[in-house]
Amino acid sequence: KSFNDQDEKFDLLLDGVSRLKHISYDMHSELEQQTRLLEDIDEVTENTDRKFQANTRRVDGIEEREPGWCGVCTIFILLLLIIAVTSSNIGLLDTSPSPRGVQKSRMPCSAGKKKKRVTYNKETQYV
């Protein structure tokens, strides 16, 4: 009876060890797959890092050759924006639609110039 009990216990132990063996094989294959994925990510990261460093060197070279160029471009763009805003405020860039048949004049009428009579939607306007 004691030998049978020991055999049963050894069989249970053998089953447990076999399951552990299969689990360890599965873990090994999963770890190999994850290692390959990590190596791929590492390679992509290294390539990106090399490109980033090369572009940084290029930008540094441009800054050394043309130290004030970016500042000049920024000032020029800001100047254009200021001119556009101020000219729209004083009416030089009037973009409101004009009625059909009536042309807008951007210059003030000169003294002594005869005004032209224009009819639009039964309303008479002098231009």
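As the structure is a prediction and not an experimental result, all values here were calculated from the model. (Residues numbered from 1 in each chain as written. Predicted model: local features only at pLDDT ≥ 70, side-chain atom pairs only at ≥ 80, totals over all residues. Heavy atoms only, no water.)

Novice: Just to check I follow, could you spell out the overall build of the protein for this structure?
Specialist: A tally of helices and strands in the protein yields 2 helices and 2 strands. Start at the N end of the protein and walk to the C end: the helices and strands fall as α-α-β-β. For the protein, the computed accessible surface area is about 12400 Å², with 60% contributed by carbon and sulfur atoms. (Helix = DSSP H or I, 4+ residues; strand = E, 2+ residues; numbered from the N terminus. Areas by Shrake-Rupley, 256 points an atom, 1.4 Å probe, with all protein chains shown as cover.)

Novice: Help me understand the confidence of the model for the protein in this model?
Specialist: Low pLDDT marks stretches whose predicted atomic positions should not be read closely. Mean pLDDT over the protein: 77, with 61% of residues reaching 70 or higher. Across the protein, element-level confidence peaks in helix α1 (residues 2-65) with a mean pLDDT of 90 and bottoms out in strand β2 (residues 123-126) with 61. (pLDDT = per-residue confidence, 0-100.)

Novice: How should a negative patch on the surface be read in this particular structure?
Specialist: A cluster of acidic side chains, namely E39, D40, D42, E43, E46 and D49, defines a negative patch on the protein surface. Mapped onto the elements, E43 comes out in helix α1. (Patch = residues over 30% accessible without salt bridge, like charges linked within 9 Å, V, L, I, M, F, W, Y side chains within 5 Å. Salt bridge = Lys/Arg side-chain N within 4 Å of Asp/Glu carboxyl O. Lys, Arg positive; Asp, Glu negative; His and termini not counted. Charge placed at Lys NZ, Arg CZ, Asp CG, Glu CD.)

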